[in-house]
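Coordinates in review
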Amino acid sequence: MPTLQQFDETVAPEGWVPVEQRWAGLDRRSLRPAAVVLAVAAVMIFAIPALDRAIPAGRAVVPGEVLALDGGVGFTPAEGWEVVDGVALGDPTRSGEYPSTAAVLVDAVSFEVTTADFAGTPQELLTQIEDLDERTSAGRGPEVSGNPRPVRTESGQEGVMTETRSATTTGLIAAFVIDGTGVEVVVTGPRDAGTGRADDVTTMIESVAPLGENR
Amino acid sequence: MTAARPVPGTEVSPAGSPTPTDVAVDRLRVVRESGWGTPVRFFQPRNAAVWVYIALVGPGLFLILHYVSSATVVFGTPITVAVVLFGLYGGLFWWFTQRIDRYAHLPRKLLVIAFLWGGFGAIFMASSANTPVLSILGKVFGLSWASDWGAGIAAPIDEELAKGLGLLLLIALASRAVSTAFDGFILGAFIGLGFQIVEDVTYAVAGAGAGFGADPSMSTLKVVGVRMALGFGANIAYSAIFCTGLICFLGRPGQPRRVGVGLGLMLTAMLLHSVWDNTAGILGPAAPFALVAWVVMTAITLTIVVQIFRRTVGVERAYMRAVLAPEVEAGTITAEEAEALAGDRKARKAYRQVAQDRDRRRLVLLAAHDLADELGSANGAETHRVSFARGELARIRSRQG
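Residues numbered from 1 in each chain as written. Chains lettered and ligands numbered in written order. Predicted model: local features only at pLDDT ≥ 70, side-chain atom pairs only at ≥ 80, totals over all residues. Heavy atoms only, no water.

1. Description of the overall build of chain A
- Secondary structure summary: chain A contains four helices and 15 strands in total.
- In summary, chain A has a C-alpha radius of gyration of 28 Å against a globular reference of 17 Å for 215 residues, an excess of more than 25%.
- Of all intrachain contacts in chain A linking residues separated by at least 6 positions in sequence, the fraction that spans at least 24 positions is 50%.
- With the model as given, the accessible surface of chain A reaches about 11,400 Å², and the carbon-plus-sulfur share is 53%.
- Side-chain charges in chain A split into 15 positive and 32 negative, and the spacing between the mean points of these groups amounts to 8 Å. (Helix = DSSP H or I, 4+ residues; strand = E, 2+ residues; numbered from the N terminus. Rg over C-alpha atoms; globule rule 2.2 N^0.38 Å. Contact = heavy atoms within 4.5 Å. Areas by Shrake-Rupley, 256 points an atom, 1.4 Å probe, with all protein chains shown as cover. Lys, Arg positive; Asp, Glu negative; His and termini not counted. Charge placed at Lys NZ, Arg CZ, Asp CG, Glu CD.)

What follows is the structure in structure tokens.
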């Protein structure tokens, strides 16, 4: 009958690699699990994002459509632009909600709208947006390049607007507060984009309105 | 001169040398099978799993620290409060999960390795895939469809796979220590805990900027409240279920391979996760009642978790009985004490509940548990620590109640 000591001798010390299991300095038994994890990680970290980039984003604006946002606000995107974020009025989620962001794009000029609850005036909202942008970008983002000026939409909503500028971009920020919903419009484009899209941008800002009142 | 008393688990042969009894042989088998007390060494340069672990946890740690520290510059106080609150919340779950792993328990170092995988490696993998998967679904099926169903498709697959693959690495890192389905259950819970806490912190960071950052304290506290109230049924439970299934699927020394059961459990975890994330889409116009649905879902999830615990813990209890059997045979501990140690909370309570002797009995159980741990760590051999643990048990037993 074996003694207690003999049992101990058959147990390999933790981390011991038997000679026949060594391969290129590694424990052959660890290769398969490591390879499986590495392969799945490569798919998740590289392949899936690459597939996403390969699928074209956006769709052409349908004439007359309204992009609807959370808080019961919407705007009419200009024809010829591409919708890269947001959903059309009449296509909510099953629970009847719309997202809080929408964006359209053309020739590297982007027009982004964000909504959220806000208790205050359009000027207070603009100040809050500028303050948050300043702090989050730590002074490296676009700078406000002019005094705020009032803006009025076609549906009669009063807001404020200011221009922004960085070394390579130019743009504007507009702020509205519609029935307790803050609306932030951020337009950004290359400095050499010219003024070819300025009319579209103005039209889209002026189309911001409570849902149902958009033209 | 009197003959020396043989150590528990041995008998003196006619030739006069001690030989193991049947229960001692069984104890050695159990100690070897369970890996009880096996030390875990993280840095094993020959082990490819270590390098893969470092390659994924390292960038995850860097990205999360960068994300949180950048936001802390802007929303310092609310994010610091959120991190502290989630830290306390995580500590509570750590204590609870370690407490239920009371039999052939896993080394603390392995639990830390599991937690860090969940918090950084799994988060790194899952967050890299979640956003592009949602984006692809939005491009193919439309944004509203993706809002309704995207999270319930992306997260269960990306996150459960990312968390579960950590267990594969842990098995490669500490193959002896990860032996039973119950080990998978506990390690899965710790991987899920790490994932949950770090994900909660990132949600708090994102929440701080909600509403144009006008009231970051209130926005953050709302996120903290919701995540704390509903989070315990989520990632911790899902990955405990998934990792139990993974062990059944693979088979281990203490768990025969059962492919069907394993796949069933892994799919159950994914399904529960999917239903949770798709609650608004499933309820549709009844979405305002989502809270009721989440409470029901949490109850269902916890019921499944309790059932898995009950079905998997039996092997661990049998290990405890087998390790203590030679001690019972030798009279070091009584059969009643061994049953209390190998039993559930009710059994331990019943043993302790003796008037005038409650405190001493509680200490006897703790000392006997120490002895079981030392026997496991010693691989069943007689060592100084085993003898000392036996002596401690005798000392506690001799105390006046």
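Next comes the rest of the account.
2. What about the interface of chain B and chain A?
- The partner chain A presents 56 residues to the 65 residues of chain B that form the contact.
- Buried surface at the junction of chain B and chain A, summed over both partners, amounts to about 4,600 Å²; 70% is from carbon and sulfur atoms.
- Its largest share of buried area at the contact with chain A, chain B owes to R46, K139 and F212 of chain B, together 19% of the area lost on that side.
- Put simply, chain B and chain A have one salt bridge between them. (Buried area = accessible area lost by both parts, 1.4 Å probe. Salt bridge = Lys/Arg side-chain N within 4 Å of Asp/Glu carboxyl O.)

3. Considering the packing of aromatic side chains
Residue and element names in this part refer to chain B.
- Scanning the model with the defined rule gives 13 aromatic pairs over all chains in all.
- Between the aromatic rings of F42 and Y53, the centroid separation amounts to 5.3 Å while the plane-to-plane angle is 65°, which identifies the pairing as edge-to-face. Taken together, the residues span a long stretch of sequence, with F42 in the loop between α1 (22-34) and α2 (48-74) and Y53 in helix α2 at a distance of eleven residues.
- A relative accessible area of 5% places Y53 in the buried class.
- With centroids separated by 6.2 Å and ring planes inclined at 55°, the aromatic side chains of F185 and F309 adopt a geometry described as tilted. Here the residue F185 occupies a position in helix α6 (residues 181-208), and F309 occupies one in helix α11 (residues 290-330), the gap between them amounting to 124 residues. (Phe/Tyr/Trp six-rings, centres within 6.5 Å; stacked < 30°, edge-to-face > 60°. Buried < 20%, exposed > 50% of the residue type's maximum accessible area, 1.4 Å probe, protein only.)

4. A few points about α1 of chain B
- With 13 residues, α1 of chain B should cover 18 Å at 1.5 Å per step; its first-to-last C-alpha distance of 18 Å lies within 8% of that length.
- In the segment just after α1 of chain B, G35 of chain B is the residue with positive phi, at about 70°. (Expected span 1.5 Å × (residues − 1).)

5. Some details on the domain arrangement of chain B
Residues and elements named next belong to chain B.
- Per the domain assignment, the segments of chain B are domain 1 (40-314) and domain 2 (331-397).
- Relative placement of domain 1 and domain 2: their C-alpha centres are 35 Å apart.
- The interface of domain 1 with domain 2 comprises four residues on the first partner and eight residues on the second.
- A buried area of about 430 Å², summed over both sides, lies between domain 1 and domain 2, and 30% of it is on carbon and sulfur atoms.
- Considering only the side of domain 1, the residues that lose the most area to domain 2 are R102, Y103 and H105, jointly responsible for 85% of the buried surface there. (Domains from an automatic or database assignment.)

6. Considering the sheet that holds strand β7 (residues 87-88) of chain A
All names here are of chain A.
- Across the sheet, which stays open at both edges, the four strands sit in the order β7-β4-β5-β15 with antiparallel pairing between neighbours. Each having just a single partner strand, β7 and β15 (209-210) make up the two edges of the open sheet.
- As judged from the two bridges shared by strand β5 (residues 73-75) and β15, these two strands associate in the antiparallel manner. Considered in β15, the bridge of V73 is made with P210. (Pairing = 2+ DSSP bridges.)

7. Details of the state of the cysteines
Residues and elements named next belong to chain B.
- Considering all chains together, one arrives at zero disulfides over all chains under this definition.
- Cysteine C243 is unpaired, with the sulfur of C248 as its nearest cysteine sulfur at 11 Å.
- You can call C248 buried: its relative accessible area is 5%. (Disulfide = S-S within 2.5 Å.)

8. Remarks on empty space enclosed by the protein
Residues and elements named next belong to chain B.
- Following the criterion strictly, the structure yields three cavities of 30 Å³ or more and no others.
- Empty space within the largest cavity amounts to approximately 50 Å³.
- If you go around the largest cavity, you meet 14 residues; those closest to its centre are S34, G35, A104, A177 and D183.
- When grouped by side-chain class, the residues that make up the lining of the largest cavity number six nonpolar, six polar and two charged. (1 Å grid on protein atoms, 1.4 Å probe; cavity = no way out; pocket = protein on both sides within 12 Å on 5 of 7 lines; lining within 4 Å. Points joined across faces, edges and corners; volume = space filled by probe spheres on them. Nonpolar A, V, L, I, M, F, W, Y, C, P; charged D, E, K, R; others polar.)

9. A look at the pattern of salt bridges
All names here are of chain B.
- This model, assessed by the stated rule, comprises 24 salt bridges over all chains.
- Close ionic contact of D200 with R227 constitutes a salt bridge, the shortest N to O distance being 2.6 Å. Separated by 27 residues along the polypeptide, D200 in helix α6 and R227 in helix α7 (residues 216-231) bring together distant segments of the chain.
- Residue R361 is joined to D357 by a salt bridge in which the shortest nitrogen-to-oxygen separation is 3.3 Å.
- In this structure R361 comes out as buried when scored by relative accessible area, which is 13%.
- Because the salt bridges share partners, they merge into one network encompassing R27, E327, E382 and R390.

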